[in-house]
Amino acid sequence: MNADGRRIIAFVSCAEYSGGAEKYIKLLACGLDRQRYEPVLVTSGAPGLERLRSAVRDAGIRNETTEGKPFSSAGGARLFSCILRRLRPDIVHINMPGPFDCSYGLPASLAGLAGSGGIVTTEHLPMVETFAKAKFLRSIHMRRVSRFITVSEDNRGHLEDKHGVPGDKIRVVHNGIPDPGRKAGWKDSGAGHTDLLIAGALEERKGHRALLSAMKQLPESIHLAIAGEGPMRGELEKELATGRYGGRVTLLGRVDDMPDLIYRSDILVVPSLVEATPYVILEAMAAGRPVVASAIFGIPEQVEDGVTGILVPAGDEGSLAAAILRLSNGQELMRRMGEAGRDRFEDRFTLASSVANTAAVYDELL
């Protein structure tokens, strides 16, 4: 606790990049009630986390780093421990993008040894397959954790079955986002075509190949924008250069104003092969746009099949194309599903709700 009586929450991130899991930390840290809590971001200083550090710094949140040294190094572990002893946080909240990130949960052990009592993790992708060494190391570090927050009910089973987490320590808190506000009316199709959007890292698990295969089965009136950066960019550029898509597919690269891009689209497509609960689905729902997505893991907790969008088997190009065609042929269906998605967002996925439910977990320990 600091001098003015606020509880100190140390958010720990040691990923090498800023993705959805890091967006989670930014939204949560910035959304906490500053009259009750003082959030502090503690990172390894990895260059890929600079966007996260900059965002929370701009929000007036203190940053602490281990000067670029990874927590798993002797120097990094020492600096991390020194930071915690100086901060004396009431809660150490460790962000785990995958179950074996943060050196298999090493910060939990370091926090325990530094005298931190309330240790919390957020587990984003516990469905990722285990291997013996990682499972053993994680099990040692996770003994220090008091509560495991996870972002879907589906994840609860993976934590218990794959990672041996006691069920009474698991709390499900769905992600939430700030409300971008309703916009009057519907996107003006203008040229008479349907605009699809896929947004996220350009990597294997996001399902870009299946979507491009589906595009070959769809009429010329359906266009696709691909937003994001990642290791598959070169492969996608090469594929688009073949001319097979007749200029109907555009590679946008990184997009900073995602809400505006979604408002300018008709349908969000999420053909992922591995996914928990993507933020971009919440952004589409908030914008009143229907979603076509893979029926995997936590996605059915976001998208109500036949009501706010259409769910399809992951990797099934034919089903993906059929779902897109069904929506694109029905303007009224798109409107109805988009409105239902907006209502579902307001009911379940606001940032205020997500932050309040997370703070309730802190209060259990405090």
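Use the structure listed above.
This text gives an overview of the structure that appears in the document.

What counts, and where the lines are drawn
Residues numbered from 1 in each chain as written. Predicted model: local features only at pLDDT ≥ 70, side-chain atom pairs only at ≥ 80, totals over all residues. Heavy atoms only, no water. Helix = DSSP H or I, 4+ residues; strand = E, 2+ residues; numbered from the N terminus. Rg over C-alpha atoms; globule rule 2.2 N^0.38 Å. Contact = heavy atoms within 4.5 Å. Areas by Shrake-Rupley, 256 points an atom, 1.4 Å probe, with all protein chains shown as cover. Lys, Arg positive; Asp, Glu negative; His and termini not counted. Charge placed at Lys NZ, Arg CZ, Asp CG, Glu CD. Disulfide = S-S within 2.5 Å. Buried < 20%, exposed > 50% of the residue type's maximum accessible area, 1.4 Å probe, protein only. Core = buried A, V, L, I, M, F, W, Y, C linked by side-chain atoms within 4.5 Å. Arc of directions from axis to C-beta. Pairing = 2+ DSSP bridges. Axes fitted to C-alpha atoms, helices over the stretch in contact; angles between N-to-C directions. Phe/Tyr/Trp six-rings, centres within 6.5 Å; stacked < 30°, edge-to-face > 60°.

## A word on the overall build of the protein
Okay, step 1: When you go through the protein residue by residue, the secondary structure sums to 14 helices and 13 strands.
Okay, step 2: Since a compact globule built from 366 residues should have a radius of gyration of about 21 Å, the 21 Å found for the protein is in line with a globular shape.
Okay, step 3: With the C-alpha coordinates of the protein rotated into their principal frame, the extents come out at 60 × 40 × 35 Å.
Okay, step 4: When contacts within the protein are restricted to residue pairs at least 6 apart in sequence, long-range pairs at least 24 apart make up 73% of them.
Okay, step 5: Counting every atom, the protein has about 15100 Å² of accessible surface; 50% of that belongs to carbon and sulfur.
Okay, step 6: Once the 45 positive and 46 negative side-chain charges of the protein are each reduced to a mean point, those two points are 5 Å apart.

## Looking at the state of the cysteines
Okay, step 1: Within this structure, the stated rule accounts for one disulfide.
Okay, step 2: The partner cysteine of cysteine 14 in its disulfide is cysteine 102, sulfur to sulfur 2.3 Å. Here cysteine 14 is found in the loop between β1 (7–13) and α1 (20–31), whereas its partner cysteine 102 is found in helix α4 (residues 101–113), with 88 residues between them in sequence. Cysteine 102 shares its class with cysteine 14; the two are buried.
Okay, step 3: The closest cysteine sulfur to the non-disulfide-bonded cysteine 30 is located on cysteine 102, 19 Å from its own sulfur.
Okay, step 4: Among the cysteines around cysteine 82, which has no disulfide bond, cysteine 14 carries the closest sulfur, lying 17 Å off.
Okay, step 5: Of the residues examined, cysteine 82 reaches a relative accessible area of 39% and is grouped as partly exposed.

## Some remarks on the nonpolar core
Okay, step 1: With 51 residues, the main nonpolar core has Phe11, Leu197 and Ile281 as its most contacted residues.
Okay, step 2: If one sorts the elements of this core by residue count, helix α10 (residues 279–286) sits on top with seven residues.
Okay, step 3: Those residues in contact with isoleucine 281, other than ones at most four positions away along the chain, are Leu268, Val270, Val291, Ala293, Ile299, Gln302 and Val303.
Okay, step 4: The next biggest cluster of nonpolar side chains, apart from the first, holds 29 residues, and it includes Leu196, Leu211, Leu212 and Val269.

## Looking at helix α6 (residues 153–163)
Okay, step 1: Buried residues of α6: Asn155, His158, Leu159, Lys162 and His163, and no others. Buried residues of α6, seen end-on, are gathered within an arc of 100 degrees and therefore sit on one face of the element.
Okay, step 2: Buried residues in α6 make contact with β5 (118–123), α5 (132–142), β6 (147–150) and β7 (170–172).
Okay, step 3: The positive-phi residue at the C-terminal boundary of α6 is glycine 164, with phi of around 65 degrees.

## Notes on the sheet that holds strand β11 (residues 267–270)
Okay, step 1: Ordered by their spatial adjacency, six strands build an open sheet running β10-β9-β8-β11-β12-β13, and the pairing between neighbours is parallel. Here the strands that pair on one side only, and so sit at the sheet edges, are β10 (249–253) and β13 (309–312). On average, adjacent strands in this sheet sit at an angle of 20 degrees to one another, irrespective of strand direction.
Okay, step 2: Pairing of strand β12 (residues 291–294) with β13, which is carried by four bridges, proceeds in the parallel orientation. Among the inter-strand pairings, serine 294 is bridged to a residue of β13, identified as valine 312.
Okay, step 3: Contacts between α10 and the sheet are confined to β8 (194–199), β11 and β12, with β11 contributing the most and set at about 165 degrees to the helix.

## What to know about the packing of aromatic side chains
Okay, step 1: Per the counting criterion, the structure on display carries four aromatic pairs.
Okay, step 2: Site record: aromatic cluster; members linked through ring pairs are Phe100, Tyr104 and Phe131.

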